[in-house]
Amino acid sequence: MRVACIRAHGGLEALRHEDWPDPAPGPGQALVEVRACGLNHLDLFVIKGMAGVDIEFPRITGGDIAGMVSATFSPDDRAWIGRRVLVDPLVVEGRKRMALGEHKNGGLCERLCVPVGNLIALPEDVSLERAAALPIAYGTAHKMLGPGRGDLKRGETLLVLGATGGVGVASVQLGKLMGAHVIACTSSAEKAAKLVALGADAVIDTSREEFSAAAWRLTDKQGADVVVNFTGGETWVPSLRALKRLGRVLVCGATAGYDPVEDLRYLWMREAAIIGSNGWERENLTALLDLAAGGALSPVIDRVVPLAETASALAALRDRRVFGKVLVTP
Ligand SMILES: NC(=O)c1ccc[n+]([C@@H]2O[C@H](COP(=O)([O-])OP(=O)(O)OC[C@H]3O[C@@H](n4cnc5c(N)ncnc54)[C@H](OP(=O)(O)O)[C@@H]3O)[C@@H](O)[C@H]2O)c1
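Each value, and the rule that gives it
- Residues numbered from 1 in each chain as written.
- Predicted model: local features only at pLDDT ≥ 70, side-chain atom pairs only at ≥ 80, totals over all residues.
- Heavy atoms only, no water.
- Pairing = 2+ DSSP bridges.
- Helix = DSSP H or I, 4+ residues; strand = E, 2+ residues; numbered from the N terminus.
- Axes fitted to C-alpha atoms, helices over the stretch in contact; angles between N-to-C directions.
- Contact = heavy atoms within 4.5 Å.
- Parallel < 35°, antiparallel > 145°, perpendicular 65-115°, else oblique.
- Nonpolar A, V, L, I, M, F, W, Y, C, P; charged D, E, K, R; others polar.
- Salt bridge = Lys/Arg side-chain N within 4 Å of Asp/Glu carboxyl O.
- Buried < 20%, exposed > 50% of the residue type's maximum accessible area, 1.4 Å probe, protein only.
- Right-handed = clockwise from strand over helix to strand, strands pointing away.
- Domains from an automatic or database assignment.
- Buried area = accessible area lost by both parts, 1.4 Å probe.
- Polar contact = N/O pair within 3.5 Å; in protein donor to acceptor, adjacent residues only side chain to side chain.

Our focus in this paragraph is the sheet that holds strand β11 (residues 181-186). Judged by pairing direction, the sheet is parallel, and its 6 strands sit side by side in the order β12-β11-β10-β13-β14-β15 without closing on themselves. Each of the sheet's edge strands pairs with one partner strand only, and the pair in question is β12 (202-205) and β15 (273-276). Strand after strand, the sheet turns through a mean of 20° between neighbouring axes, direction not considered. Where strand β10 (residues 157-160) and strand β13 (residues 224-228) come together, 3 bridges link them in parallel fashion. Residue L158 lies in a different strand from β13, and its bridge partner there is V226. Packed on one face of the sheet, helix α3 (residues 135-145) meets β10, β13 and β14 (243-251) and runs near 145° to β14. Lying over the sheet, helix α6 (residues 211-218) contacts β10, β11, β12 and β14, oriented at roughly 155° with respect to β12.

The following block contains the structure:
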């Protein structure tokens, strides 16, 4: 089978296309014919290498996988054969929580073996491509905004940085579904127009206006109740500045730097809460599939490309030329 993999960290030239033997399911596993694999910023980090995260080589990235089950190891699991499935990218082995495409091989290949426990049957009216757009980006946003983490309430103001990426569009759409007033930030006028079309109540074009000042202006000098910041770096202090008193900053990543300068004055002046959120739970994925099946949520898909074009699709993600999700169809 054809795979896109890395054998060492590097730039996108590290991504290689190879022929590997077809895998066969081991105990507790099912063989999934990959029909769609969603790309995430995580794939760029895996390829480049991340401080403190050991990646084993060769590694196939791509954690968001939807496909058809073609075989199972155990005859007891045969009912899965022929079914359309979404694969939960979180594999739990004992106390280890591992992600497909990062700690284990992912879906940038024609077929892969996954634990049967990670299979989620797809509702009839959710396509394989839409399903593959959901887990990592939408799942993370769903958990981050939901009970126990951000706890976003109807009528609250939600400010989303990097609103055009995977987690960004998901935060905008889910924020609207939860009844928030959503202010979306992006770096270009073209993407700003798309955010308005997606339903954002207001948009800040950060190429023209500093976002904390704009947020202050757009909220009548009150600030946002909740700020979604997975960017870090230079956006960190302005995110605190954009906050209402007793507001919450939600953090699930740090695309532009994980060790930003801090300004503690905003923490006490705003009486701010900083809430970290990591990944998703199974109930986030099933809730998202229900929303998609019922037509309330339509994941934003920027483009669908064949496996051979994975590197150029990842380049678009790296260079911020994407609105929503990019899918690969191996
Ligand atoms: N903890 C978790 O479980 C988890 C899960 C998913 C994602 N994450 C993290 O969340 C972040 C976003 O992931 P994603 O897949 O949604 O990424 P993405 O699709 O690449 O989107 C990121 C968005 O942020 C903005 N951006 C990109 N680079 C930037 C930079 N250097 N400075 C400022 N803004 C920048 C861009 O929007 P504009 O050009 O419109 O500004 C881009 O569309 C990543 O850091 C990822 O690792 C964490």
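Moving on, we get to the packing of helix α1 (residues 41-48) against helix α10 (residues 310-318). Packed helix pairs are specified by the crossing angle of their axes together with the interaxial distance, meaning the distance between the axes. At a minimum axis separation of 10 Å, α1 and α10 run at an interaxial angle of 105°. For the element pair α1 / α10, the angle class is roughly perpendicular. On the side of α1, the interface is formed by H41, D43, L44 and I47, while α10 contributes L314, L317 and R318. Here the residues of the contact of α1 with α10 sort into 4 nonpolar, 1 polar and 2 charged.

Attention now goes to the pattern of salt bridges. Using the criterion set out here, one finds 20 salt bridges in the structure. One salt bridge connects D64 with K325, and the closest N-O pair in it is separated by 3.9 Å. Remark: K325 occurs in strand β17 (residues 325-329) and D64 occurs in strand β4 (residues 64-72); sequence separation between them is 261 residues. As far as burial versus exposure is concerned, D64 and K325 are alike and both buried. Where R217 meets E209, a salt bridge forms, and the shortest distance between an N and an O atom there is 2.9 Å. Residues joined by salt bridges that share partners form a network here, namely R7, R16 and E18.

Another point: the pairing of β13. Counting buried positions over the 5 residues of β13 gives 5, a clear majority of the element. The pairing of β13 with β14 spans 4 bridges and is parallel. From the neighbouring strand, V228 faces β14, where its bridge partner is L250. Crossover connection from β13 via helix α7 (residues 236-241) to parallel β14: handedness right-handed.

Now for α3. α3 sits mainly inside the fold: 10 of its 11 residues count as buried. Taken residue by residue, α3 has P135, I136, A137, Y138, G139, T140, A141, K143, M144 and L145 as its buried positions.

Below, the discussion takes up the domain arrangement of the chain. By the assigned domains, the chain splits into domain 1 (2-133 + 300-329) and domain 2 (138-276). In this structure, domain 1 and domain 2 have C-alpha centres spaced 29 Å apart. Every contact between the two is made by 10 residues of domain 1 and, on the other side, 13 residues of domain 2. Of all residues in domain 1, V300, R320 and F323 bury the most surface against domain 2, accounting for 54% of the area lost on that side. Taken together, the connections running from domain 1 to domain 2 amount to 0 salt bridges. At the surface where domain 1 touches domain 2, the tally comes to 3 residue pairs in polar contact (both at pLDDT 80 or more). Broken down by class, the residue content of the side of domain 1 that touches domain 2 amounts to 6 nonpolar, 2 polar and 2 charged.

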